[in-house]
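# Descriptive analysis of the structure
Residue-level listing of the chains:
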Amino acid sequence: MAIKVGSIGYNFDHDKNFYMEKPSGSGAYLLLFVKTDAKFTINRKAFYVKENSYILFNPATPCSYKPAKDLYIDDWFFFNMDEADKDYLLNLGIIFDEPVELKSVENLTNVIHNIVFEHYSTEPYHEIMENNYVSILFHQLSRVIQNKEQPSPDVLNSKNDKFTYLRSILFEFPDTFKNIEHMANYVNLSVSSFQHTYKKIFGHSVINDVISGRINKAKKLLESTNDTVAEIGEKCGYKTEYHFMRQFKEQTCMTPTEYRNQSSWIQIEKSRG
(Lines give C-alpha, C1' and ligand atoms only; values in the text may rest on other atoms or scores of the structure.)
Protein backbone atom coordinates (compact mmCIF):
# COMPACT_ATOMS: atom_id res chain seq x y z
CA MET A 1 0.00 0.00 0.00
CA ALA A 2 1.15 3.53 -0.84
CA ILE A 3 -0.86 5.31 1.83
CA LYS A 4 0.57 8.71 2.75
CA VAL A 5 0.10 9.85 6.35
CA GLY A 6 -0.93 13.49 6.64
CA SER A 7 -1.34 14.03 10.36
CA ILE A 8 -2.11 11.67 13.18
CA GLY A 9 -2.96 11.79 16.87
CA TYR A 10 -3.13 9.25 19.67
CA ASN A 11 -5.52 9.26 22.63
CA PHE A 12 -6.67 12.89 22.36
CA ASP A 13 -9.26 13.86 24.96
CA HIS A 14 -11.75 16.73 24.83
CA ASP A 15 -14.25 18.09 27.35
CA LYS A 16 -18.03 18.14 27.00
CA ASN A 17 -17.93 21.37 24.95
CA PHE A 18 -15.92 19.83 22.13
CA TYR A 19 -17.56 20.00 18.71
CA MET A 20 -16.00 19.16 15.36
CA GLU A 21 -17.78 20.10 12.14
CA LYS A 22 -16.63 19.40 8.59
CA PRO A 23 -19.55 20.38 6.30
CA SER A 24 -17.54 19.70 3.13
CA GLY A 25 -15.58 16.78 4.44
CA SER A 26 -12.05 16.71 5.76
CA GLY A 27 -10.34 16.93 2.35
CA ALA A 28 -8.48 13.69 3.06
CA TYR A 29 -9.37 10.24 4.25
CA LEU A 30 -9.94 10.28 8.00
CA LEU A 31 -9.87 7.25 10.27
CA LEU A 32 -11.18 7.66 13.81
CA PHE A 33 -11.00 5.18 16.66
CA VAL A 34 -13.69 6.40 19.04
CA LYS A 35 -12.94 5.54 22.68
CA THR A 36 -15.93 7.16 24.37
CA ASP A 37 -19.61 7.37 23.44
CA ALA A 38 -20.22 10.16 20.94
CA LYS A 39 -22.86 11.71 18.72
CA PHE A 40 -22.05 11.85 15.01
CA THR A 41 -23.79 13.24 11.97
CA ILE A 42 -22.55 11.64 8.75
CA ASN A 43 -24.05 12.66 5.40
CA ARG A 44 -26.85 14.36 7.39
CA LYS A 45 -27.67 11.11 9.20
CA ALA A 46 -27.41 10.99 12.99
CA PHE A 47 -25.55 8.19 14.80
CA TYR A 48 -25.02 7.43 18.44
CA VAL A 49 -21.53 5.95 18.32
CA LYS A 50 -20.51 3.74 21.20
CA GLU A 51 -17.01 3.52 22.63
CA ASN A 52 -14.65 1.13 20.85
CA SER A 53 -15.88 1.98 17.36
CA TYR A 54 -14.12 3.05 14.20
CA ILE A 55 -15.23 5.33 11.37
CA LEU A 56 -13.36 5.79 8.10
CA PHE A 57 -14.48 8.89 6.18
CA ASN A 58 -14.10 9.59 2.50
CA PRO A 59 -12.49 13.01 1.82
CA ALA A 60 -15.74 14.74 0.77
CA THR A 61 -18.09 13.21 3.34
CA PRO A 62 -19.77 15.91 5.46
CA CYS A 63 -19.68 15.10 9.15
CA SER A 64 -19.80 16.52 12.64
CA TYR A 65 -19.30 14.98 16.07
CA LYS A 66 -19.31 15.76 19.76
CA PRO A 67 -19.26 13.95 23.11
CA ALA A 68 -22.33 12.01 24.15
CA LYS A 69 -21.44 12.59 27.80
CA ASP A 70 -18.75 14.60 29.58
CA LEU A 71 -15.70 13.54 27.62
CA TYR A 72 -14.65 12.60 24.11
CA ILE A 73 -11.48 10.58 23.41
CA ASP A 74 -10.24 9.32 20.08
CA ASP A 75 -7.29 8.48 17.86
CA TRP A 76 -7.34 10.23 14.50
CA PHE A 77 -5.47 9.58 11.28
CA PHE A 78 -5.61 11.77 8.13
CA PHE A 79 -4.15 10.19 5.01
CA ASN A 80 -4.23 10.09 1.22
CA MET A 81 -4.31 7.06 -1.06
CA ASP A 82 -5.10 6.15 -4.65
CA GLU A 83 -8.07 4.19 -5.94
CA ALA A 84 -6.12 0.93 -5.99
CA ASP A 85 -5.44 1.28 -2.27
CA LYS A 86 -9.07 2.09 -1.59
CA ASP A 87 -10.18 -0.99 -3.51
CA TYR A 88 -7.73 -3.01 -1.45
CA LEU A 89 -9.23 -1.71 1.82
CA LEU A 90 -12.72 -2.48 0.57
CA ASN A 91 -11.63 -6.01 -0.26
CA LEU A 92 -10.34 -6.29 3.31
CA GLY A 93 -13.92 -5.64 4.45
CA ILE A 94 -13.25 -2.15 5.78
CA ILE A 95 -16.36 0.02 5.71
CA PHE A 96 -16.44 3.72 4.80
CA ASP A 97 -18.67 6.53 6.09
CA GLU A 98 -20.42 4.45 8.73
CA PRO A 99 -19.57 3.75 12.38
CA VAL A 100 -18.62 0.16 13.17
CA GLU A 101 -18.65 -0.99 16.77
CA LEU A 102 -15.87 -3.35 17.83
CA LYS A 103 -15.34 -5.30 21.03
CA SER A 104 -12.12 -3.40 21.66
CA VAL A 105 -9.82 -0.98 19.85
CA GLU A 106 -6.87 -1.39 22.21
CA ASN A 107 -4.67 -3.46 19.89
CA LEU A 108 -5.47 -1.13 16.99
CA THR A 109 -4.67 2.04 18.90
CA ASN A 110 -1.38 0.50 20.02
CA VAL A 111 -0.47 0.43 16.33
CA ILE A 112 -1.61 4.05 15.99
CA HIS A 113 0.75 4.90 18.84
CA ASN A 114 3.63 3.34 16.90
CA ILE A 115 2.70 5.24 13.73
CA VAL A 116 2.64 8.51 15.68
CA PHE A 117 6.13 7.84 17.01
CA GLU A 118 7.57 7.03 13.59
CA HIS A 119 5.71 9.89 11.85
CA TYR A 120 7.28 12.52 14.08
CA SER A 121 10.61 10.72 14.45
CA THR A 122 13.96 11.58 12.90
CA GLU A 123 15.39 8.13 13.62
CA PRO A 124 16.82 6.08 10.73
CA TYR A 125 14.24 4.16 8.67
CA HIS A 126 11.32 6.00 10.27
CA GLU A 127 9.49 6.33 6.93
CA ILE A 128 9.84 2.62 6.22
CA MET A 129 8.68 1.81 9.74
CA GLU A 130 5.72 4.17 9.39
CA ASN A 131 4.61 2.56 6.12
CA ASN A 132 4.89 -0.91 7.63
CA TYR A 133 2.84 0.07 10.66
CA VAL A 134 0.15 1.61 8.43
CA SER A 135 -0.11 -1.69 6.56
CA ILE A 136 -0.29 -3.57 9.86
CA LEU A 137 -3.01 -1.21 11.10
CA PHE A 138 -5.39 -1.90 8.23
CA HIS A 139 -4.74 -5.63 8.18
CA GLN A 140 -5.24 -5.75 11.93
CA LEU A 141 -8.50 -3.78 11.51
CA SER A 142 -9.64 -6.25 8.86
CA ARG A 143 -8.87 -9.14 11.22
CA VAL A 144 -10.90 -7.54 14.01
CA ILE A 145 -13.82 -6.87 11.67
CA GLN A 146 -13.83 -10.52 10.61
CA ASN A 147 -13.78 -11.62 14.26
CA LYS A 148 -16.27 -9.27 15.87
CA GLU A 149 -16.80 -11.64 18.77
CA GLN A 150 -13.15 -11.50 19.78
CA PRO A 151 -12.45 -11.84 23.51
CA SER A 152 -11.24 -8.74 25.31
CA PRO A 153 -7.48 -7.99 25.37
CA ASP A 154 -7.47 -8.68 29.11
CA VAL A 155 -8.69 -12.23 28.49
CA LEU A 156 -6.24 -12.77 25.69
CA ASN A 157 -3.29 -11.41 27.65
CA SER A 158 -4.04 -13.46 30.75
CA LYS A 159 -4.53 -16.68 28.78
CA ASN A 160 -2.17 -16.17 25.88
CA ASP A 161 0.90 -17.85 27.36
CA LYS A 162 -1.01 -20.99 28.30
CA PHE A 163 -2.81 -21.12 24.95
CA THR A 164 0.45 -20.66 23.01
CA TYR A 165 2.15 -23.38 25.04
CA LEU A 166 -0.85 -25.69 24.65
CA ARG A 167 -0.81 -25.22 20.87
CA SER A 168 2.90 -26.05 20.70
CA ILE A 169 2.18 -29.24 22.64
CA LEU A 170 -0.54 -30.22 20.15
CA PHE A 171 2.07 -30.21 17.40
CA GLU A 172 5.09 -31.61 19.25
CA PHE A 173 3.46 -34.12 21.60
CA PRO A 174 -0.07 -34.72 20.22
CA ASP A 175 -0.77 -37.58 22.64
CA THR A 176 -0.43 -35.32 25.73
CA PHE A 177 -4.05 -34.17 25.96
CA LYS A 178 -6.71 -36.86 26.06
CA ASN A 179 -9.58 -34.69 24.79
CA ILE A 180 -10.96 -31.15 24.55
CA GLU A 181 -12.09 -31.24 28.18
CA HIS A 182 -8.52 -32.02 29.26
CA MET A 183 -7.28 -28.94 27.33
CA ALA A 184 -10.03 -26.72 28.75
CA ASN A 185 -9.10 -27.76 32.28
CA TYR A 186 -5.48 -26.87 31.56
CA VAL A 187 -6.43 -23.22 30.87
CA ASN A 188 -9.16 -23.14 33.55
CA LEU A 189 -12.06 -22.55 31.18
CA SER A 190 -15.26 -24.34 30.33
CA VAL A 191 -15.17 -26.42 27.16
CA SER A 192 -17.27 -23.93 25.18
CA SER A 193 -15.24 -20.91 26.39
CA PHE A 194 -12.00 -22.72 25.63
CA GLN A 195 -13.06 -23.57 22.07
CA HIS A 196 -14.35 -20.03 21.45
CA THR A 197 -11.22 -18.34 22.82
CA TYR A 198 -8.86 -20.71 21.00
CA LYS A 199 -10.48 -19.89 17.67
CA LYS A 200 -10.34 -16.15 18.32
CA ILE A 201 -6.65 -16.27 19.21
CA PHE A 202 -5.43 -18.52 16.40
CA GLY A 203 -8.11 -18.02 13.73
CA HIS A 204 -9.34 -21.62 13.49
CA SER A 205 -10.70 -24.35 15.69
CA VAL A 206 -8.72 -26.42 18.15
CA ILE A 207 -9.96 -29.56 16.38
CA ASN A 208 -8.16 -28.45 13.21
CA ASP A 209 -4.94 -28.07 15.16
CA VAL A 210 -5.41 -31.39 16.94
CA ILE A 211 -5.73 -33.16 13.58
CA SER A 212 -2.87 -31.19 11.97
CA GLY A 213 -0.61 -31.84 14.94
CA ARG A 214 -1.31 -35.56 14.92
CA ILE A 215 -0.87 -35.97 11.17
CA ASN A 216 2.33 -33.90 11.06
CA LYS A 217 3.80 -35.93 13.92
CA ALA A 218 2.75 -39.17 12.22
CA LYS A 219 4.48 -38.12 9.01
CA LYS A 220 7.73 -37.48 10.89
CA LEU A 221 7.56 -40.86 12.62
CA LEU A 222 6.74 -42.68 9.38
CA GLU A 223 9.73 -41.01 7.73
CA SER A 224 12.25 -41.49 10.53
CA THR A 225 11.35 -44.66 12.48
CA ASN A 226 10.53 -48.30 11.95
CA ASP A 227 7.60 -48.16 14.37
CA THR A 228 4.50 -50.01 13.26
CA VAL A 229 1.45 -48.10 12.06
CA ALA A 230 -0.36 -49.04 15.27
CA GLU A 231 2.52 -47.75 17.44
CA ILE A 232 2.69 -44.48 15.54
CA GLY A 233 -1.05 -44.00 15.83
CA GLU A 234 -0.82 -44.47 19.60
CA LYS A 235 2.08 -42.01 19.90
CA CYS A 236 0.00 -39.46 18.00
CA GLY A 237 -2.98 -39.71 20.32
CA TYR A 238 -5.22 -42.14 18.43
CA LYS A 239 -7.12 -44.71 20.44
CA THR A 240 -7.35 -47.23 17.61
CA GLU A 241 -5.26 -48.09 14.57
CA TYR A 242 -8.37 -47.90 12.39
CA HIS A 243 -9.12 -44.31 13.46
CA PHE A 244 -5.52 -43.31 12.75
CA MET A 245 -5.47 -44.91 9.31
CA ARG A 246 -8.82 -43.42 8.33
CA GLN A 247 -7.94 -39.88 9.39
CA PHE A 248 -4.44 -40.06 7.90
CA LYS A 249 -5.89 -41.02 4.51
CA GLU A 250 -8.53 -38.27 4.73
CA GLN A 251 -5.79 -35.68 5.27
CA THR A 252 -3.11 -36.97 2.89
CA CYS A 253 -4.99 -39.13 0.35
CA MET A 254 -2.58 -41.95 1.25
CA THR A 255 -2.50 -44.70 3.83
CA PRO A 256 0.32 -44.48 6.41
CA THR A 257 2.10 -47.37 4.67
CA GLU A 258 1.81 -45.69 1.25
CA TYR A 259 3.19 -42.46 2.74
CA ARG A 260 6.12 -44.34 4.32
CA ASN A 261 6.92 -46.12 1.05
CA GLN A 262 6.79 -42.86 -0.91
CA SER A 263 9.00 -41.12 1.64
CA SER A 264 11.54 -43.94 1.45
CA TRP A 265 11.56 -43.75 -2.36
CA ILE A 266 12.11 -39.99 -2.25
CA GLN A 267 15.05 -40.41 0.12
CA ILE A 268 16.59 -43.03 -2.16
CA GLU A 269 16.25 -40.74 -5.17
CA LYS A 270 17.85 -37.88 -3.27
CA SER A 271 20.80 -40.03 -2.26
CA ARG A 272 21.33 -40.99 -5.88
CA GLY A 273 21.26 -37.35 -6.93
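First, a word on what this report is: a plain description of the structure on this page. (Residues numbered from 1 in each chain as written. Predicted model: local features only at pLDDT ≥ 70, side-chain atom pairs only at ≥ 80, totals over all residues. Heavy atoms only, no water.)

### What to know about the nonpolar core
By size, the foremost hydrophobic cluster in this structure holds 29 residues, and its most contacted members are Y54 and F77. At the level of elements, β1 (4-15), β3 (29-34), β6 (53-57), β8 (71-80), α2 (106-119) and α3 (126-146) are the ones that each hand at least two residues to this core. Here the element with the most residues in this core is α3; it accounts for six residues. In this view, Y54 contacts L31, L32, F33, I94, I95, E98, P99, V100, L102, L141 and I145; residues no more than four positions away in its chain are not counted. If you look at the next biggest cluster of nonpolar residues, it comprises 16 residues, including L30, L32, V49 and Y72. (Core = buried A, V, L, I, M, F, W, Y, C linked by side-chain atoms within 4.5 Å. Buried < 20%, exposed > 50% of the residue type's maximum accessible area, 1.4 Å probe, protein only. Helix = DSSP H or I, 4+ residues; strand = E, 2+ residues; numbered from the N terminus. Contact = heavy atoms within 4.5 Å.)

### Focus: the sheet that holds β3
With antiparallel pairing, five strands are arranged side by side in an open sheet as β1-β8-β3-β6-β9. Every interior strand has two partners, whereas the edge strands, β1 and β9 (100-101), have only one. Bridge count between β3 and β8: six bridges; the pairing is antiparallel. Its bridge partner being in β8, Y29 is matched across the sheet by F79. Strands β1, β3 and β8 of the sheet are contacted by α2, whose axis makes an angle of about 120 degrees with β1. (Pairing = 2+ DSSP bridges. Axes fitted to C-alpha atoms, helices over the stretch in contact; angles between N-to-C directions.)

### A closer look at the environment of L222
Within the secondary structure, L222 is located in helix α7 (residues 206-224). Residue class for L222 comes out buried when judged on its relative accessible area of 2%. Sequence separation between L222 and T257 is 35 residues, and the spatial gap between their C-alpha atoms is 8.1 Å. With sequence-adjacent residues up to four places away left out, L222 is seen in contact with I232, F248, P256, Y259 and R260.

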